[in-house]
Amino acid sequence: MLLNCIVYKDGKRVADIPVEQINEYLEKPDHFVWVALKDAEPVELLLMQHEFNLHELAVEDAQHGHQRPKIEEYGESLFAVVHTIEVADGELNVGEIDIFVEKNYVLSIRSRSLQSLLGVRERCEREPHLLKEGSAFVFYALMDAVVDRYFPVVEALETELEAIEDQIFNKGSGRANIERLYELKRKVLIVKHAVAPLMEAVARLHGGRVPRLCENTQEYFRDVYDHLQRINSAVDTIRDTIGTAIQVNLSMVTIDESEVNKRLAAWAAIFAAATLMAGIWGMNFKHMPELDWIVGYPIALGIMASVCGYLYYRFRKSGWL
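Because the structure is predicted, anything quoted here is derived from the model rather than measured.

So, how was this worked out
Numbering of residues begins from 1 in every chain and follows the order in which that chain's sequence is written. The model is predicted, so local features are restricted to residues of pLDDT at least 70 and side-chain atom pairs to those at 80 or more, both for listing and for counting; the totals for chains, interfaces and linings are taken over all residues. Where side-chain values are given, they derive from all heavy atoms of the structure, hydrogens and water being excluded. Strands are runs of DSSP state E lasting at least two residues, helices are runs of H or I lasting at least four, and both sets are numbered from the N terminus onward. Radius of gyration: over C-alpha atoms. The globule rule applied is 2.2 Å multiplied by the number of residues raised to the 0.38 power. Should any heavy atoms of two residues lie within 4.5 Å, those residues are considered in contact. Only the protein chains shown count as covering a residue, and every accessible area follows the Shrake-Rupley method with a 1.4 Å probe. By definition, two strands form a pair when at least two bridges between them are found by DSSP. The axes are straight lines fitted to the C-alpha atoms, using for helices just the contacting stretch, and the angles between their N-to-C directions are given from 0 to 180°. Criterion for a salt bridge: a side-chain nitrogen of Lys or Arg within 4 Å of a carboxyl oxygen of Asp or Glu. Here's how the labels work: a residue is buried when its accessible area is under 20% of the maximum for its type, exposed when over 50%, partly exposed in between, all with a 1.4 Å probe on protein chains only. What qualifies as a polar contact is a pair of N or O atoms within 3.5 Å, subject to a donor-acceptor requirement within protein and to the restriction that residues adjacent in sequence count only when both atoms come from side chains. Charged residues are defined narrowly, with Lys and Arg counted positive, Asp and Glu counted negative, and His plus the chain ends left uncounted. Points on a 1 Å grid over protein atoms alone make up a cavity when a 1.4 Å probe fits among them but cannot get out, and a pocket when they form an open set with protein on both sides within 12 Å along at least five of seven lines; lining residues each have an atom within 4 Å of a point. Grid points are joined across faces, edges and corners, and a volume is the space filled by probe spheres set on the points. Residue polarity follows a fixed list, in which Ala, Val, Leu, Ile, Met, Phe, Trp, Tyr, Cys and Pro are nonpolar, Asp, Glu, Lys and Arg are charged, and the others, Gly among them, are polar. Ring pairs shown here join Phe, Tyr and Trp side chains whose ring centres sit within 6.5 Å, with only the six-membered ring taken for Trp; geometry is labelled stacked below 30 degrees between planes, edge-to-face above 60, and tilted in between. Sitting over a ring, as applied to charges here, requires NZ of Lys or CZ of Arg to be within 6 Å of the ring centre and within 35 degrees of the ring normal. Here the nonpolar core consists of buried residues drawn from Ala, Val, Leu, Ile, Met, Phe, Trp, Tyr and Cys, with membership extended through side-chain atoms lying within 4.5 Å. Directions drawn from the helix axis to the C-beta atoms are what define this arc.

Novice: If you had to explain the overall build of the protein to someone new, which residues and values would you point to?
Specialist: Along its length, the protein carries ten helices and seven strands. Taking 321 residues into account, the globule formula puts the C-alpha radius of gyration at 20 Å, and the protein, at 35 Å, lies well above it. Taken along the three principal axes of its C-alpha coordinates, the protein extends 120 × 35 × 30 Å. Residue pairs at least 24 apart in sequence account for 65% of intrachain contacts in the protein once pairs closer than 6 positions are excluded. Accessible surface for the protein amounts to roughly 17,600 Å². Of this, 55% is attributable to carbon and sulfur atoms.

Spelled out as structure tokens, the structure:
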């Protein structure tokens, strides 16, 4: 679905144009065309490939989707894949933005994402002195908008982790905590898979040999790289904390099981003493003098009760009961 197709010159909007006129403005100096698509159909991609003369391999990647975040060079043009991450009902929804960039055009294709990028266009149009840099600044603005939206996601993951940590030392919550920690670990991996490859790709857009298109905007891409570094560091910290939390939770489960085993062992020892005495006096021997005592039965019960009571006292004092 075509969202908009707009021509810019010297940092100012010139006109909204139909797709059929894109070629005309691509040939004009100091002009560039910014086209935005959402969930593009194959027919639309083929039309854009024809209008912008896009490389067939990049178009194929955009058509298939589910690509790893990356930035590739095709001659004077760049093709970037960036993942969007949104929190919806406690789950992470992963979308994709494919960006085609050359000196005289920017084509962004948003897929499987609920996030709108209209704010990026508004921001660029409010800063015509920066929009004069052309398509390279638009490329930066798109990437910066996506990366900045990672921060609330990371904060949400940190909040969820803190809530789980508060429950770790509550008795009887071990299994639920393990399930929540592994679910959180899965979410963190989703963010990691979006951030780490993109950070590696953006690193090539500032310092050293950078694409000619980005030569005048290196400091902006360095800012994006710094943001990605912060996010990646936060994600690594969360992963390490999750690992520690899992170990602590397993230790708490082991301690709880040990407490149960101690109680069972204590009660087993108490009943074993009573069973031992009952077994001795229950042997079928003829010459057992205490069997003939008139008070033998109450004495036996008293001894058994005394021994069991003493053992209970000792176990209770030692903390086993």
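Novice: Describe the sheet that holds strand E6 (residues 91–102), listing the residues and the values that go with them.
Specialist: Taken in spatial order, the seven strands line up as E2-E1-E3-E7-E6-E5-E4 in an open sheet, and their pairing is mixed. Each having just a single partner strand, strand E2 (12–16) and strand E4 (70–74) make up the two edges of the open sheet. Between one strand axis and the next, the sheet turns through 20° on average, direction left out of account. Sheet topology note: the strand E5 (residues 77–88)/E6 ladder contains eleven bridges and is antiparallel. The partner of Thr 84 across the bridge, within E6, is Gly 95. Across the face of the sheet, helix H7 (residues 150–167) comes into contact with E5 and E6 while running at roughly 35° to E5.

Novice: I'd like a rundown of the pattern of salt bridges, residues and numbers included.
Specialist: Counted according to the given criterion, the structure contains 13 salt bridges. Between Asp 61 and Lys 70 there is a salt bridge, and its shortest N-O distance comes to 2.8 Å. By relative accessible area, which is 17% here, Lys 70 ends up buried. Arg 209 is the partner of Glu 73 in a salt bridge, and the nearest nitrogen-oxygen pair spans 2.9 Å. Pair noted here: Glu 73 is in strand E4 and Arg 209 is in the loop between helix H8 (174–202) and helix H9 (218–281), with a separation of 136 residues, a long-range link. The exposure class assigned to Arg 209 is exposed, which follows from its relative accessible area of 63%. A single network of salt bridges, built from pairs that share partners, joins Arg 13, Asp 16 and Glu 125.

Novice: Help me get a handle on the side chain of His 83, residues and values and all.
Specialist: With respect to the helices, strands and loops of the structure, His 83 is situated in strand E5. His 83 gets classed as buried once you look at its relative accessible area, which sits at 14%. A polar contact of 2.6 Å, which involves the side chain of His 83, links it to the backbone oxygen of Gln 67. Once residues lying within four places of it in the same chain are set aside, the contact partners of His 83 are Gln 67, Pro 69, Val 94, Gly 95, Glu 96, Val 146, Tyr 150 and Ala 194.

Novice: Lay out the side chain of Asp 98 with the relevant residues and their values.
Specialist: Inspection of the secondary structure assignment puts Asp 98 in strand E6. The side chain of Asp 98 sits in the buried core without any salt bridge; Arg 112 is the nearest counter-charge, 7.0 Å away. Once residues lying within four places of it in the same chain are set aside, the contact partners of Asp 98 are Ala 62, Phe 79, Ala 80, Val 81, Leu 107, Ser 108 and Ile 109.

Novice: Kindly report on the layout of surface pockets, identifying the contributing residues and their values.
Specialist: Approximately 540 Å³ is the volume found for the largest pocket. Every residue lining the largest pocket is counted, 25 residues in all, and those nearest its centre are Lys 103, Glu 133, Gly 134, Ser 135 and Leu 213. Breaking the lining of the largest pocket down by element, the ones donating at least two residues are strand E1 (2–9), strand E3 (31–38) and helix H6 (135–148). Here the residues of the lining of the largest pocket sort into seven nonpolar, seven polar and eleven charged.

Novice: Tell me about the packing of aromatic side chains, and name the residues and values.
Specialist: The tally for this structure, following the rule as stated, stands at eleven aromatic pairs. Arranged with centres 5.4 Å apart and planes meeting at 20°, the rings of Tyr 8 and Phe 32 form a pair that is stacked. With Tyr 8 in strand E1 and Phe 32 in strand E3, this residue pair connects regions lying 24 residues apart in the sequence. Of the two residues, Tyr 8 and Phe 32, neither departs from the other in class, the shared state being buried. Ring-pair connections join several aromatic residues into one group, and the members of that group are Phe 137, Phe 139, Tyr 140, Tyr 220 and Phe 221. Just above the ring of Trp 34 sits the side chain of Arg 121; from NZ or CZ to the centre is 4.0 Å.

Novice: Which residues make up the nonpolar core, and what values do they have?
Specialist: Among the nonpolar cores identified, the biggest contains 63 residues, and Trp 34, Ile 99, Phe 139, Met 143, Tyr 150, Val 191 and Leu 228 are the most heavily contacted of them. Here this core takes twelve residues from H9, the largest share from any one element. For Phe 139, the residues in contact, after removing those within four places along its chain, are Ile 71, Leu 78, Ala 80, Ile 99, Val 101, Leu 205 and Phe 221. Counting residues in hydrophobic clusters, the runner-up holds 25 residues, among them Val 7, Ile 22, Val 35 and Phe 100.

Novice: So what's going on with helix H4 (residues 118–126)? Residues and values would help.
Specialist: For H4, the full list of buried residues reads Val 120, Arg 121 and Cys 124. All buried residues of H4 lie within an arc of 95° about the axis, which places them on one face of the element.

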